[in-house]
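A look at the structure
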Amino acid sequence: MTSRRWDPRSPRGVVPVVLAVLQAVLVLGPGLGRGVVITHDMPWSPDPRWTPFVLGLDTPAPRAVPSDAVAVLLGKAVGASMAQHLVLLTILVTLALGAAALLAELVPDVGMAGRCATVVAAVWNPFVSERLAVGQWVVVLGLAVLPWALRGALRVVRGTSTVYAVAPALLFAGLGGVNALLVVSGAVLTVLLAGAVRARSWPVARAAGVSLLLTAGLAGAWAVPALTARPVADALGARAFAPVADSPVGVIGSLLGGGGFWNTGTHPEPRSHVLIALTAALLMTAGVALALVAAPGRDGLLLAAPLAVFGVLVLLSVSGPAEQLWDTLVHRVPGGGALRDSQKLIAPWVVVGAAGLGVLADRAARRLPAGLRGPAVALLLGLPLVLSPQLAWGIGGRLDAVTVPSDYRQGVDELAALPPGDVGLLPWSQYRRYGWNDSRVSLTLAPRTVDRVVLYDDSLPLRSGTIAGESARAAEVSKSIGAGTPPDRALAAEGVRYVAAELGSGLDVDTGALRSSGRVVVDRPSLLVVDVGGPARSPSASGAGVLGWGVTLLTALGIIGWRGARRTDRKLLTGLLRSRP
């Protein structure tokens with residue numbers, strides 16, 4: 001059997017890497033320009049700061065940890081703009097090469113055509129497009145790590161590797177927080193448990209147990225505070241975040257093609273054409289089937305395990321008769337809220353489907369008559385681009401780097417120099433349409449730039465209704481504003497010392513009333529801050545937060561140290577074997 005090791009010196013190793021890098025640049029396009037991309041769930045701060053939000057200190061259920069902290073750490077090393085460019089490029093390249101590595105694991109002698117087809121299919125699909133369109137880079141990070149994790153899990157079951165084969169994948173997924181870790185660890189545990197049961201293998205069962213412990217440790221930074229605070233999730237969320245049809249082939253057809261994201265604003269226009277949507281669904285389904293059949297031994301059955309388990313969960317989320325069961329799972333089971341955006345669970349389907357397209361291209365290159373090989377391979381390479389053309393050049397301009405106004409950044413610096421105190425944020429909504437950002441929808445920058453506790457409206461307005469937030473203080477402010485209290489007074493009543501208004505954000509603010517409510521301490525064209533005389537509070541970490549971060553950091557350091565120890569032991573053993581008496 002041909003070696004599964006990827007040789008970067010051979011054409012089969014070099015060409016896919018070059019292709020992966022080039023297509024990543026093509027997809028990101030203007031997003032790699034000067035400045036930072038600010039869109040929907042990716043309000044990347046131009047000035048990396050350890051704010052309470054970044055560290056998860058200002059919310060009962062920190063959702064942006066540790067991903068935002070990783071972004072800040074990298075930003076302090078290379079600058080915010082370069083950090084974002086590196087993160088996005090690395091994710092897309094890692095995804096493409098990971099899918100190709102999984103293909104090589106399943107079909108060790110796969111040729112150049114198969115590897116390149118998989119590299120393209122892994123990125124050019126609706127899953128990547130719809131998630132990147134709303135800035136959910138952490139979900140795409142989970143997708144990028146997934147094929148490496150699956151490859152490692154298969155090796156553990158075969159007995160050719162120890163549990164450490166999946167540990168680095170879990171570590172990198174852990175950097176993305178709840179969504180990335182859920183997808184990757186869920187797939188790994190499913191494969192390992194399926195392998196342990198089928199082979200009745202204690203070592204594999206033990207590897208599954210170790211993987212579960214590593215997952216729990218890496219989740220500590222967000223899981224410990226959330227489980228301690230036990231925030232009440234809005235019952236509307238389970239339905240609001242369920243998959244929806246992004247094409248004429250319905251919800252199931254959309255999911256089979258890699259789409260079906262709940263946010264209709266991200267749905268690519270090409271998928272409104274039935275031929276494109278149907279072709280995508282059939283191609284990805286055929287790819288999954290080919291990958292499972294081509295896998296050696298019982299690898300196909302092992303890969304089918306996460307597809308089946310995740311598939312059942314997705315079906316529960318879109319099935320009317322199972323609505324009560326799904327609501328119970330999401331809202332009653334501890335940690336079940338992480339499942340409510342269930343479309344992300346098709347990630348294994350997307351990865352395995354991309355590998356299967358490589359199998360199809362490889363067979364076409366080997367088995368078709370000489371005159372048909374070239375056109376057939378070219379068709380399979382180009383088909384994902386034809387089916388998802390919107391991904392090219394920043395998803396049609398959605399990913400475009402911009403320069404945050406200097407007066408806004410200077411105003412934030414001035415606010416940081418003021419005496420301690422919480423900050424109430426206006427306009428009273430967490431979403432913005434900054435004029436300097438071409439009026440794109442995005443989350444507010446303030447919690448990630450202001451080094452204080454920022455009190456803002458954390459509810460989520462949707463077409464189907466408003467999903468309640470998790471901050472009790474924000475809920476009280478919303479209640480007061482709804483009863484007719486001016487926003488600045490409602491915020492002051494909740495104990496903020498400063499009220500900050502982001503101007504030019506696409507929403508109105510009564511600046512006259514705000515100026516008269518206290519002493520103006522920051523007055524910039526993009527930022528107005530008034531001291532309303534609240535208490536001088538300083539942000540403090542809860543015991544649960546400190547414990548959670550400690551568990552996560554110790555687990556991450558343990559994985560890294562484990563790697564170093566393994567390398568040291570290997571070198572020592574090699575030296576002893578080579579030494580002469």
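Residues numbered from 1 in each chain as written. Predicted model: local features only at pLDDT ≥ 70, side-chain atom pairs only at ≥ 80, totals over all residues. Heavy atoms only, no water.

1. Section: the overall build of the chain
The number of helices and strands found in the chain is 24 helices and twelve strands. For 581 residues, the compact-globule estimate of 2.2 N^0.38 gives 25 Å, and the chain sits close to it at 25 Å. Taking the principal axes of the C-alpha coordinates as reference, the chain spans close to 80 × 65 × 50 Å. Scored against the burial criterion, the 581 residues of the chain give a buried share of 54%. Of the contacts made within the chain by residues no fewer than 6 positions apart, 76% connect residues no fewer than 24 positions apart. Element-wise, carbon and sulfur atoms account for 64% of the exposed surface of the chain, whose accessible area totals about 23900 Å². Side chains of the chain give 50 positive and 35 negative charges; the mean places of these two sets differ by 14 Å. (Helix = DSSP H or I, 4+ residues; strand = E, 2+ residues; numbered from the N terminus. Rg over C-alpha atoms; globule rule 2.2 N^0.38 Å. Buried < 20%, exposed > 50% of the residue type's maximum accessible area, 1.4 Å probe, protein only. Contact = heavy atoms within 4.5 Å. Areas by Shrake-Rupley, 256 points an atom, 1.4 Å probe, with all protein chains shown as cover. Lys, Arg positive; Asp, Glu negative; His and termini not counted. Charge placed at Lys NZ, Arg CZ, Asp CG, Glu CD.)

2. Points about the sheet that holds strand β2 (residues 42-43)
The three strands lie next to each other as β2-β1-β3, forming an open sheet whose pairing is antiparallel. Each edge of the open sheet carries a strand with a single partner, namely β2 and β3 (401-402). Across the sheet, helix α3 (residues 80-106) is in contact with β1 (36-39) and β2; its angle to β1 comes to roughly 70 degrees. (Pairing = 2+ DSSP bridges. Axes fitted to C-alpha atoms, helices over the stretch in contact; angles between N-to-C directions.)

3. Re the sheet that holds strand β4 (residues 423-426)
Strand order across the open sheet formed by five strands is β7-β4-β10-β12-β11, with mixed pairing between neighbours. Either end of the sheet is taken by a strand with one partner, and the two such strands are β7 (454-455) and β11 (519-523). Packed on one face of the sheet, helix α19 (residues 406-416) meets β4, β10 (498-502), β11 and β12 (527-531) and runs near 20 degrees to β12.

4. What about the domain arrangement of the chain?
As far as domains go, the chain holds domain 1 (11-399 + 550-578) and domain 2 (421-531). Buried area between domain 1 and domain 2, summed over both chains or domains, comes out near 2400 Å², and the portion from carbon and sulfur atoms is 58%. For the pair domain 1 and domain 2, the number of links is two salt bridges. Residues arginine 63 and glutamate 470 are paired through a salt bridge, measuring 2.4 Å at the closest nitrogen-oxygen approach. Counting only elements with at least two residues in the side of domain 1 that touches domain 2, the list comes to β1 and α11 (236-240). Considering each element in turn, the side of domain 1 that touches domain 2 owes the most residues, three residues, to α11. Of the residues that constitute the side of domain 1 that touches domain 2, the class distribution is 16 nonpolar, eight polar and nine charged. (Domains from an automatic or database assignment. Buried area = accessible area lost by both parts, 1.4 Å probe. Salt bridge = Lys/Arg side-chain N within 4 Å of Asp/Glu carboxyl O. Nonpolar A, V, L, I, M, F, W, Y, C, P; charged D, E, K, R; others polar.)

5. With respect to the pairing of β11
Examined bridge by bridge, β11 and β12 share four bridges and lie antiparallel to one another. Along β12, the bridge assignment pairs aspartate 523 with leucine 528.

6. Focus: the side chain of aspartate 341
Tracing the backbone through its elements, the reader meets aspartate 341 in the loop between α15 (323-331) and α16 (347-367). Looking at aspartate 341, the relative accessible area reads 10%, which means it is buried. In this structure, aspartate 341 is in contact with Arg131, Gln136, Phe241, Phe261 and Trp262, ignoring residues within four places of it in sequence.

7. Some remarks on the pattern of salt bridges
Should the charged atoms of two oppositely charged side chains come close, the side chains can pair. Tallied over the entire structure, the rule returns 20 salt bridges. A salt bridge links aspartate 531 to arginine 497; the shortest N-O distance between them is 3.4 Å. You can see aspartate 531 sitting in strand β12 and its partner arginine 497 sitting in the loop between α22 (487-493) and β10, a full 34 residues away along the chain. Aspartate 531 gets classed as buried once you look at its relative accessible area, which sits at 10%. For arginine 497, a relative accessible area of 17% corresponds to the buried category. Look at the salt bridges and you will find they share partners, linking Glu105, Arg155, Arg158 and Asp299 into a network.

8. Description of the packing of helix α4 (residues 112-123) against α16
Packing of α4 against α16 leaves a shortest axis separation of 7 Å and a crossing angle of 150 degrees. In terms of their interaxial angle, α4 and α16 are classed as roughly antiparallel. Handedness of the crossing formed by α4 with α16: right-handed. Contact residues: α4 offers Ala113, Gly114, Ala117, Thr118, Ala121 and Ala122, while α16 offers Ala354, Ala355, Leu357, Gly358, Ala361, Asp362 and Ala365. (Parallel < 35°, antiparallel > 145°, perpendicular 65-115°, else oblique. Left-handed = near helix turned anticlockwise from the far one by under 90°.)

9. Regarding the packing of aromatic side chains
In the structure shown here, the tally under the stated rule is five aromatic pairs. Ring geometry for tyrosine 434 and tryptophan 436: centres 4.5 Å apart, planes at 15 degrees, overall stacked. The class of tyrosine 434 is buried, set by a relative accessible area of 1%. Among the aromatic residues, those joined into a ring-pair cluster are Phe241, Phe261 and Trp262. Between the NZ or CZ atom of arginine 131 and the centre of the ring of phenylalanine 127, over which it lies, the distance is 5.7 Å. (Phe/Tyr/Trp six-rings, centres within 6.5 Å; stacked < 30°, edge-to-face > 60°. Lys NZ or Arg CZ within 6 Å of the ring centre and 35° of its normal.)

10. Section: the nonpolar core
With 151 residues, the main nonpolar core has Trp44, Leu92, Trp137 and Leu192 as its most contacted residues. At 16 residues, the largest contribution of residues to this core is made by α3. For this core, the two domains that each supply at least three residues are domain 1 (11-399 + 550-578) and domain 2 (421-531). The contact partners of tryptophan 44, leaving out residues within four places of it in the chain, are Val36, Val37, Ile38, Ala71, Ala80, Ala83, Gln84, Val87, Trp137 and Leu445. Of all hydrophobic cores here, the second largest spans 13 residues; its members include Val477, Ala490, Val499 and Leu514. (Core = buried A, V, L, I, M, F, W, Y, C linked by side-chain atoms within 4.5 Å.)

11. Notes on helix α13 (residues 274-294)
Between the first and last C-alpha of α13 there are 30 Å, a value that for 21 residues agrees with the 30 Å anticipated at 1.5 Å per step. Taken as a whole, α13 has its buried residues at Ile276, Ala277, Ala280, Ala281, Leu283, Met284, Gly287, Val288, Leu290 and Ala291. Against the buried residues of α13 lie α3, α12 (250-256), α14 (299-318), α16 and α17 (370-387). (Expected span 1.5 Å × (residues − 1).)

12. With respect to unusual backbone geometry
Most peptide bonds adopt trans geometry, and most residues besides glycine take a negative phi value. Cis geometry is adopted by the peptide bond preceding proline 66, which originates at valine 65 and carries an omega value of -5 degrees. Positionally, proline 66 belongs in the loop between β2 and α2 (67-78). Residue proline 427 is bonded to the preceding leucine 426 through a cis peptide linkage, with omega at 0 degrees. As for its placement among the helices and strands, proline 427 is situated in the loop between β4 and β5 (431-432). Even without being a glycine, histidine 40 presents a positive backbone phi close to 45 degrees. Mapped onto the elements of the fold, histidine 40 is located in the loop between β1 and β2. Positive phi outside glycine occurs at tryptophan 393, with the angle close to 55 degrees. Locating tryptophan 393 in the fold gives a position in helix α18 (residues 392-397).

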